[in-house]
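Coordinates in review
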Amino acid sequence: MSLFDAKDKSRYATFSRRTLMVTGGMTAVFATLAGRLYQLQILEGDQFMTRAEENRVSQRLVAPLRGRILDRFAQELANNRRNYRVLLIPEQASDGIDAALDTIGQIILITPTQRERIKRDIAQNKKFVPVTVAENLTWEEFARVNLHLPYLSGIQPDVGETRAYPFNDEMSHILGYVASVSPDDKKDDQDPLLDLPGFRIGKRGIEKQFDAEIRGTAGASRVEVNVYGRVIRELGHEPGTPGSDIYLTIDRDVQRFTAERMAGESAACVVMDVTNGDVLALCSTPGFDPNLFNVGINHGQWNALTSDDHTPLMNKALSGAYPPGSTFKPAMAMAAVEAGLDDLQVVCTGSITLGNNVFHCWKRGGHGHVDLHRGIQQSCDVFFYEVAKRLGIDKMEDAAHKLGLGERTGIEIPGERSGVIPGRAWKEQHYGVPWQQGETLVTGIGQGYVLVTPLQLCTLAARIASGNQVSPRITRVVGQSVQPRPQIKALPFSDKAILAVQSGMNAVCNEPGGTAYAWRIPDAGFEMAGKTGTAQVRRITKEERATGVKSNQSLPWKLRDHALFIAFAPVQQPRYACVCMIEHGAVGAHPQVQIARDVLLFAQQRNSAQLPTAYPVNAAGIDGVANRRPA
Amino acid sequence: MNTRAYAAGRGTLSTREKLLDINWGLVLLIAVVASIGFAMLYSVAGGSFSPWAGKQMVRFAIGLAFLILAAVVDLRVWMSLAYPAYALAFLLLVGVEVAGSAGLGAQRWIELGPIELQPSELMKISLVLALARYLHGLSVEDVSKPLKLAIPLAMIVAPAALVLHQPNLGTASILMADGCVLLFLSGLSWWWIAPTVTAIAAAVPIGWEFFLHDYQKARVMTFLNPSTDALGAGWNISQAEIALGSGGVAGKGFVQGTQSQLNFLPEKETDFIFTTLGEEFGFVGSLALLLLFALIIGYGIRIAMASRSQFGRLLAMGLTLNFFFYILINTAMVMGLIPVVGIPLPLISYGGTAMLTVMFGFGLLMSVHVHRQVEIPRHAAGLFG
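Notes on the structure follow. Being a predicted model, the structure only gives us computed values, none of them experimental.

1. Here we look at the overall build of chain A
Across its full length, chain A carries 22 helices and 21 strands. Counting over 631 residues, chain A shows a buried share of 43%. Within chain A, contacts between residues separated by at least 24 positions form 75% of all contacts whose residues are at least 6 apart in sequence.

Okay, structure coming up:
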């Protein structure tokens with residue numbers, strides 16, 4: 001048998017033929033692969049390029065600079081200061097987190113609580129995410145960290161911007177504060193900035209009211225990220241639009257003087273320009289340090305603020321509603337003159353009887369013959385019982401509302417209360433029983449159901465002083481635009497009424513026998529007119545009245561009467577209206593009158609309302625109207 | 001007739017003559033493709049020789065030595081080693097099945113000191129050797145006889161089944177494909193081929209139901225509809241397609257591929273390295289690599305056709321097909337044409353065993369080339385046969 005035969009030849013031929021087929025098949029496969037590449041890279045290349053870009057590029061929001069809050073002379077009341085921070089990048093801490101914290105702990109103070117928080121933050125984030133170790137460092141501390149930087153692995157100094165309130169508690173109730181975003185804040189606000197870690201929004205006061213304007217719009221940083229989200233480099237930066245500056249009508253110096261003067265009291269004081277409603281000072285004490293909320297308030301501080309019976313978090317000027325007491329009488333006097341009772345004469349014997357009830361005057365022996373002028377000057381209760389009896393509750397209610405009581409003034413600070421001016425409908429609605437005439441008498445001296453805010457009382461004073469329907473406003477310019485204000489109309493009372501009440505209030509301070517005569521402003525040209533008030537917070541029983549009403553001094557603080565005073569100055573050409581209310585402060589020598597006197601004198605001597613303002617837009621056309629000059 | 005031709009025919013060339021006879025053009029081509037691999041490994045490391053490119057170069061050097069060594073060994077020696085090699089590879093496959101280390105849920109390798117030996121890689125070459133050896137002894141008529149056909153079929157199915165059970169769908173497919181094409185090349189009758197193809201088409205649903213692992217099914221499902229699993233396995237496919245597609249015509253530039261540099265690509269240094277090439281060098285670059293691969297395959301086919309022994313022809317074609325199927329499965333996978341199966345791109349992907357087996361395969365191919373004049377009788381089987 002030969003080594004090779006025909007069978008070998010035939011299988012070689014078969015092999016060659018079939019190899020050719022296989023080669024053809026492989027060629028077809030390569031053509032398919034090339035075709036697919038053509039499809040992916042040439043035909044659909046653009047589409048995939050876009051998707052690769054979407055993978056690669058991430059938009060990071062950049063917080064805009066928050067707008068400042070300034071006073072009428074462009075003095076900063078809330079601004080942004082540099083926030084010196086120290087960050088730790090866990091993956092760069094070559095000797096471990098603990099070693100890094102130990103080393104930095106020798107340079108700046110890190111409490112065990114902070115250390116716990118830092119380690120928790122590290123555990124919750126990826127290893128390349130910087131975690132804040134400490135912030136709001138002083139320049140000295142920050143410099144020390146930078147000096148030691150070569151020995152601090154993983155530590156990164158950083159400078160950010162944070163809100164600052166240079167006047168601490170003196171402006172706290174006007175400005176409010178900023179704090180971290182809560183889940184509730186996100187409900188109606190879709191701004192993506194709210195999701196930015198560490199972002200702060202306005203929570204109270206002007207910061208809250210004008211948050212949308214002050215906040216600004218987010219900038220964006222386009223960064224290249226890898227699949228884990230680590231930022232590789234920044235591709236582009238767009239800083240966003242900074243928030244608008246807000247110009248208040250506040251005079252920083254009057255505000256600070258007022259706050260200083262009120263220190264220690266649980267009180268509210270407002271100063272207003274009667275020609276246009278500009279609020280020059282609005283103070284509620286005790287205040288709080290708004291910076292605490294920005295930095296992060298701790299439990300102890302929070303508890304101290306909320307458990308204090310002097311309620312430092314409450315803006316008493318507009319969120320506190322008090323019985324006005326005798327400060328309500330000028331409003332009743334206006335209504336009386338308007339109703340033709342200007343010639344009313346009453347003999348005060350110390351009390352008046354209505355049915356079975358006896359209504360007492362604050363002066364046990366009585367005032368004797370009293371007319372409207374003396375009634376106001378000496379604050380005779382019996383006179384105003386008589387006025388009330390003759391007016392009826394409907395006219396009283398109407399007059400109080402016209403003078404700005406019992407309804408929100410519309411000031412641009414959140415949390416304002418409307419208070420209560422009772423009437424038939426109100427009584428029916430709230431108690432389901434008809435109005436009693438006895439209640440009319442009590443209402444006539446600002447007691448009973450009547451509740452007003454100090455800001456409303458200031459409005460009352462301003463309206464009586466100017467004869468116009470002014471309302472308090474605290475902002476003037478937002479960004480570059482003047483805040484719109486309602487047209488100021490004349491008060492719907494006759495000149496006679498205005499003149500009579502102004503004259504009565506003048507007598508309170510400047511005529512012997514007036515309730516505030518002892519604390520008048522003696523300086524010529526600066527004299528004030530006013531009306532004192534004491535609001536009872538407890539019921540005086542018959543037995544007590546028989547044995548002699550207890551003095552406020554002998555009562556616990558919470559049971560003492562509120563002390564109130566409304567005033568305007570100067571008497572000849574009123575420009576400023578003022579209210580001062582001290583909670584449970586009706587002790588001693590009318591401290592509320594003394595505060596109002598000092599504040600009014602300070603404002604006048606400084607000429608606060610007439611100094612040229614420094615608003616960024618032309619101030620023409622934004623001034624008020626001239627006072628009505630009763631003939 | 002000069003002495004050299006005579007010596008070639010007799011298979012008695014000196015080692016020096018054999019070295020000169022090596023197809024150095026093919027070796028150069030292989031080196032060029034491997035260098036593209038180094039460049040890509042350098043790129044996916046962010047422009048660094050460590051951790052991959054440097055090691056891969058060392059492995060290639062070792063592989064090159066394997067290639068030359070295998071090339072000068074007489075073809076008849078390889079022929080006589082065919083069955084023992086197959087037997088060894090088969091035993092090792094059984095070995096990993098029985099006692100192999102369990103890692104990643106799959107049993108694929110045996111640890112021999114520092115070397116991780118993958119018996120399935122060994123089997124790819126051994127199966128081709130053994131089939132070529134067996135089919136060498138059959139005439140065209142013999143191949144189609146049921147009793148003679150049963151033996152090679154068993155030789156193919158047994159290891160393929162073991163590998164599939166590991167589970168390693170990619171390699172099992174390659175084993176099956178290699179074997180079937182070799183039977184076809186040996187002249188298997190169309191009367192066998194046509195019904196079998198029909199039967200397989202019918203068996204696919206059954207295999208789906210009873211033989212595929214859940215993760216393999218999931219891969220197929222994900223492939224058919226990537227959006228069902230946009231963050232899992234489907235994510236890999238879409239990121240690979242994004243990488244390839246975003247390369248466009250000319251690519252983003254060396255070490256500039258955002259998908260690979262920013263780690264959006266999975267297993268970018270191994271199974272998905274082709275996408276990095278596509279991203280950084282675009283259509284031009286990826287097509288060029290495909291052409292280089294086609295050129296190597298062309299060399300393989302030419303070597304097979306030129307061999308004067310059936311063993312040499314079948315061995316050469318078997319190895320070439322092996323190489324081809326590697327490329328086909330890997331590139332088709334990253335282009336989204338077939339489901340994701342773990343098959344590296346030969347000469348390019350990072351991996352020691354794969355590099356060494358591929359280079360050893362080229363060594364055997366080269367041995368066929370060097371010994372192309374050697375005639376081996378149908379009934380004689382190598383030196384020890």
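2. Quick word on the overall build of chain B
A count of helical and extended segments in chain B gives 16 helices and 2 strands. For chain B, with 385 residues in total, the buried portion stands at 50%. Here the contacts in chain B between residues at least 6 apart in sequence split such that 73% fall between residues at least 24 apart.

3. Topic: helix α22 (residues 591-606) of chain A
Residues and elements named next belong to chain A. Between its terminal C-alpha atoms α22 stretches 22 Å, which fits the 22 Å expected from 16 residues at 1.5 Å a residue. Within the sequence span of α22, burial applies to P591, Q592, V593, I595, A596, R597, V599, L600, A603 and Q604. After α22 finishes, the residue N607 shows a positive phi value of roughly 60°.

4. Things to note about the sheet that holds strand β21 (residues 576-582) of chain A
Residue and element names in this part refer to chain A. Judged by pairing direction, the sheet is antiparallel, and its 5 strands sit side by side in the order β12-β11-β21-β20-β19 without closing on themselves. Across the chains shown, the open sheet's two edge strands, defined by having one partner strand only, are β12 (279-285) and β19 (529-535). Neighbour-to-neighbour, the strand axes of this sheet turn through a mean angle of 5°, independent of strand direction. Bridging between β19 and strand β20 (residues 562-569) involves 7 bridges; their strand directions are antiparallel. By the bridge assignment for β20, K531 is matched with I566. Contacting β11 (267-273) and β12, helix α9 (residues 252-262) runs over the sheet at an angle of about 25° to β12. Packed onto the sheet, helix α19 (residues 454-466) meets β11, β20 and β21 and runs at close to 150° relative to β21.

5. Here's the deal with the interface of chain A and chain B
At the junction of the two partners, chain A supplies 36 residues and chain B supplies 41 residues. The set of elements that each furnish at least two residues to the side of chain A that touches chain B consists of α1 (6-43) and α2 (45-56) of chain A. The greatest single-element share of the side of chain A that touches chain B, amounting to 22 residues, is contributed by α1(A). A class-by-class count of the residues in the side of chain A that touches chain B yields 18 nonpolar, 10 polar and 8 charged.

6. Remarks on the packing of helix α15 (residues 381-391) of chain A against helix α18 (residues 437-444) of chain A
Residues and elements named next belong to chain A. Between α15 and α18, the shortest axis-to-axis distance is 8 Å and the interhelical angle comes to 130°. On the basis of their axis angle, the class for α15 and α18 is oblique. By crossing handedness, the relation of α15 to α18 is classed as right-handed. Touching F384, Y385, V387, A388 and K389 of α15 are T440, L441, T443 and G444, all from α18.

7. Remarks on α18(A)
Residues of α18(A) that are buried include every one of A:T440, A:L441, A:V442, A:T443 and A:G444, and no others. Against the buried residues of α18(A) lie α13 (329-338), β14 (351-354), β15 (357-360), α15 and α16 (393-402) of chain A.

8. Observations regarding the sheet that holds strand β8 (residues 219-225) of chain A
Residue and element names in this part refer to chain A. Read from one edge to the other, the open sheet built from 3 strands follows the order β1-β8-β9, with strand pairing classed as antiparallel. The open sheet has two free edges, formed respectively by β1 (57-62) and β9 (231-238), since each of these has just one partner strand. Looking at each pair of strands side by side, their axes are set apart by 30° on average, direction ignored. Pairing of β1 with β8, which is carried by 6 bridges, proceeds in the antiparallel orientation. Across the sheet, the residue bridging to L61 is A220, located in β8.

9. Describing the environment of B:G285
Residues and elements named next belong to chain B. Position of G285 among the secondary structure elements: in helix α14 (residues 273-306). Here G285 falls in the buried class, since 21 other C-beta atoms lie within 10 Å of it. A C-alpha to C-alpha distance of 9.5 Å links G285 and G247, two positions 38 residues apart in sequence. What G285 contacts, discounting residues up to four positions off in sequence, is G251 and L277.

10. Looking at unusual backbone geometry
Of the consecutive residues A:A569 and A:P570, the connecting peptide bond is found in the cis state with omega at -15°. For A:P570, the position within the fold is in the loop between β20 and β21. Here B:S50 and B:P51 are connected by a cis peptide whose omega angle stands at 5°. Along the chain, B:P51 falls in the loop between α3 (24-44) and α4 (53-72).

11. A look at the pairing of β11(A)
Residue and element names in this part refer to chain A. With 7 of 7 residues buried, β11 lies mostly within the body of the structure. Of the two faces of β11, both are covered, the one formed by A267, C269, V271 and D273 as well as the one formed by A268, V270 and M272. For β11 and β12, the ladder comprises 6 bridges, and the chain directions are antiparallel. The partner of A267 across the bridge, within β12, is T285. The hairpin turn running from β11 into β12, its antiparallel successor, is 5 residues long, and G277 in that turn takes a positive phi close to 90°.

12. Comments concerning the nonpolar core
A:V270, A:A461 and A:C578 are the most contacted members of the largest nonpolar core, which totals 123 residues. Split by domain, this core shows at least three residues from each of two domains, domain 1 (60-248) and domain 2 (252-295 + 320-552 + 561-610) of chain A. Residues B:L26, B:M79, B:L321 and B:M335 belong to the second largest nonpolar core, which totals 118 residues.

13. With respect to the environment of A:I232
Counting through the fold element by element, A:I232 comes out in strand β9. Excluding anything up to four places from it in sequence, A:I232 contacts A:E224, A:V225, A:N226 and B:L262.

14. A closer look at the environment of B:A34
Mapped onto the elements, B:A34 comes out in helix α3. For B:A34, the residues in contact, after removing those within four places along its chain, are B:F60 and B:L347.

15. Remarks on the packing of α1(A) against helix α15 (residues 310-334) of chain B
One way to put it is that α1(A) packs onto α15(B) with a least axis distance of 12 Å and a crossing angle of 15°. Viewed along their axes, α1(A) and α15(B) adopt a mutual orientation that is roughly parallel. Both α1(A) and α15(B) take part in a crossing whose hand is left-handed. Residues A:R11, A:F15, A:T19, A:M26, A:V29 and A:L33 of α1(A) pack against B:Q310, B:R313, B:M317, B:F324, B:L328, B:T331 and B:A332 of α15(B). Tallied by class, residues from the contact of α1(A) with α15(B) come to 8 nonpolar, 3 polar and 2 charged.

Here is what the cut-offs are and how they apply
- Residues numbered from 1 in each chain as written.
- Chains lettered and ligands numbered in written order.
- Predicted model: local features only at pLDDT ≥ 70, side-chain atom pairs only at ≥ 80, totals over all residues.
- Helix = DSSP H or I, 4+ residues; strand = E, 2+ residues; numbered from the N terminus.
- Buried ≥ 20, exposed ≤ 12 C-beta atoms within 10 Å, placed from the backbone.
- Contact = placed C-beta atoms within 7 Å.
- Expected span 1.5 Å × (residues − 1).
- Pairing = 2+ DSSP bridges.
- Axes fitted to C-alpha atoms, helices over the stretch in contact; angles between N-to-C directions.
- Nonpolar A, V, L, I, M, F, W, Y, C, P; charged D, E, K, R; others polar.
- Parallel < 35°, antiparallel > 145°, perpendicular 65-115°, else oblique.
- Left-handed = near helix turned anticlockwise from the far one by under 90°.
- Core = buried A, V, L, I, M, F, W, Y, C linked by C-beta atoms within 7 Å.
- Domains from an automatic or database assignment.

None of the figures reported here should be taken as evidence of function without further support.
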